[in-house]
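One-letter residues, chain by chain:
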Amino acid sequence: MTETLTLKSFAKINLGLEVLGKRPDGYHELISVMQSISLHDVLTISKSTCISVDGDVPRDLPEGDLVRQAADLLGETVGRAQGAHLNLRKSIPIGAGLGGGSSNAACALLGLNQLWEAGMTVDELTPLAAELGSDVAFFLRGGTALARGRGHEMSTLPESPRHEVVIAMPEQSLSTARVYGNVRSHHFTDGTATLALAEGLSDGRLLYSRIRNSLQAPAVKLLPEIETLIAELRRLGAKASIVSGSGSACFGLFTECEPAQQAAADMATAGYWVRTCAFVRAWNGRSPFAETDGAVS
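Residues numbered from 1 in each chain as written. Predicted model: local features only at pLDDT ≥ 70, side-chain atom pairs only at ≥ 80, totals over all residues. Heavy atoms only, no water.

Novice: Could you clarify how one ought to interpret the overall build of the protein in this entry?
Specialist: A tally of helices and strands in the protein yields eight helices and 11 strands. Seen through its C-alpha atoms, the protein measures out along the principal axes to roughly 55 × 45 × 40 Å. For the protein, the residues scored as buried account for 54% of the 297 residues in total. Contacts spanning at least 24 positions in sequence make up 77% of the contacts within the protein whose residues lie at least 6 apart. Accessible surface for the protein amounts to roughly 12800 Å². Of this, 47% is attributable to carbon and sulfur atoms. Across the protein, the centroid of the 26 positively charged side chains sits 4 Å from that of the 32 negatively charged ones. (Helix = DSSP H or I, 4+ residues; strand = E, 2+ residues; numbered from the N terminus. Buried < 20%, exposed > 50% of the residue type's maximum accessible area, 1.4 Å probe, protein only. Contact = heavy atoms within 4.5 Å. Areas by Shrake-Rupley, 256 points an atom, 1.4 Å probe, with all protein chains shown as cover. Lys, Arg positive; Asp, Glu negative; His and termini not counted. Charge placed at Lys NZ, Arg CZ, Asp CG, Glu CD.)

Novice: Sorry if this is basic, but what is going on with the confidence of the model for the protein here?
Specialist: In low-pLDDT segments, the atomic positions of the prediction should not be examined closely. Per-residue confidence for the protein gives a mean pLDDT of 91; residues scoring 70 or more make up 93%. Counting interchain partners and residues more than four positions distant, the pLDDT-below-50 stretch residues 292-297 has 13 contacts. (pLDDT = per-residue confidence, 0-100.)

Novice: Hey, could you run me through the state of the cysteines in this one?
Specialist: Cysteine pairs can be covalently joined through their sulfur atoms, and such a bond is termed a disulfide. All chains considered together, the criterion is met by zero disulfides. Free of any disulfide, Cys-107 has its nearest neighbouring cysteine sulfur in Cys-277, separated by 17 Å. For Cys-107, a relative accessible area of 3% corresponds to the buried category. Free of any disulfide, Cys-257 has its nearest neighbouring cysteine sulfur in Cys-277, separated by 12 Å. On the accessibility criterion, Cys-257 (40% relative accessible area) is partly exposed. (Disulfide = S-S within 2.5 Å.)

Novice: So what exactly am I meant to see when it comes to the nonpolar core here?
Specialist: Soluble globular proteins tend to bury their nonpolar side chains together. Counting residues in hydrophobic clusters, the biggest one holds 43 residues, and the most contacted among them are Leu-74, Leu-86 and Leu-112. Elements represented by at least two residues in this core include exactly strand 1 (4-22), strand 2 (28-48), helix 1 (62-78), strand 4 (83-89), helix 2 (100-115), helix 3 (122-132) and strand 5 (144-149). Looking at this core element by element, the count peaks at eight residues for helix 2. Setting aside residues no more than four positions away along its own chain, Leu-112 makes contact with Ile-45, Ala-71, Leu-74, Ala-84, Leu-86 and Glu-117. (Core = buried A, V, L, I, M, F, W, Y, C linked by side-chain atoms within 4.5 Å.)

Novice: So what exactly am I meant to see when it comes to helix 5 (residues 192-202) here?
Specialist: Turn by turn, an α-helix covers 3.6 residues, leaving residues three or four places apart pointing in a common direction. The complete set of buried residues in helix 5 reads Ala-193, Thr-194, Ala-196, Leu-197, Ala-198, Gly-200 and Leu-201. Buried residues belonging to helix 5 abut strand 1, strand 2 and strand 5. Positive backbone phi, approximately 80 degrees, marks Gly-204, located one or two places after helix 5.

Novice: Which parts of the structure should I look at to understand the sheet that holds strand 9 (residues 250-254)?
Specialist: With respect to topology, four strands assemble into an open sheet ordered 8-9-7-10, the strand pairing being antiparallel. With partners counted over all chains shown, the strands left at the sheet margins are strand 8 (240-243) and strand 10 (273-278), one partner each. The sheet shows a mean angle of 20 degrees between the axes of neighbouring strands, direction not considered. Running over the sheet, helix 8 (residues 257-269) touches strand 7 (164-169), strand 9 and strand 10 and is turned about 165 degrees from strand 10. (Pairing = 2+ DSSP bridges. Axes fitted to C-alpha atoms, helices over the stretch in contact; angles between N-to-C directions.)

Here it is as structure tokens:
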């Protein structure tokens, strides 16, 4: 029996994101190409007599609470009085549009499903993920996917061609709710660009001209520095550069390692939070990134 699991909780970027309109339930209708990246938090899960969560997440921020919600929800679903201690160590910045909280929740579902030997499939875990948040279902599988609706409806796409990714973030983060609160009807599009992006990936091509984010203009209105970051990444050689999700992190795509490293160094010198990373393939709920730290019998 596995006693402890250490899991990498990967971030994501949105290679494309379009807002199609407002839904009757008050949420926005989206279409997005999502890509997991190697930037990650670490979630360590150990057997315990009750459910507890700690780590380096401030108490007033949602990441730790999402992990607890995931643990409680899975426990209620499998109907077993089991416990676990979950320790979350953050590297993905909060309020960045990189999906850290959603990834943490999915990681908790996958890890506890394994630790508790619940035997649930990814398809069975997906409705639980949808209850926890719009992007959580994506992180059960990772890789490259086309998301629709509120972000719950996922279709797997062929693996995107490898790129170096430079993530740069201003000092100020952004609230997702505030960014969506700034979305107006003139920001709505028909999804054509994102569908073309997905079609290109089906042919093994990443179409830079189709990379866009409808949330970029609302995010820039709240934080104009984002526009400067995007322009600087392009000046430094990025093939494409946009804000990820609702921001405030921006990313640039590079085809070679050396220009990416140089761009990251230049951005860091300018005082920005910067990381370089790569695309991560789909794990499809198999948790290949899990390492067993405890005894196994």
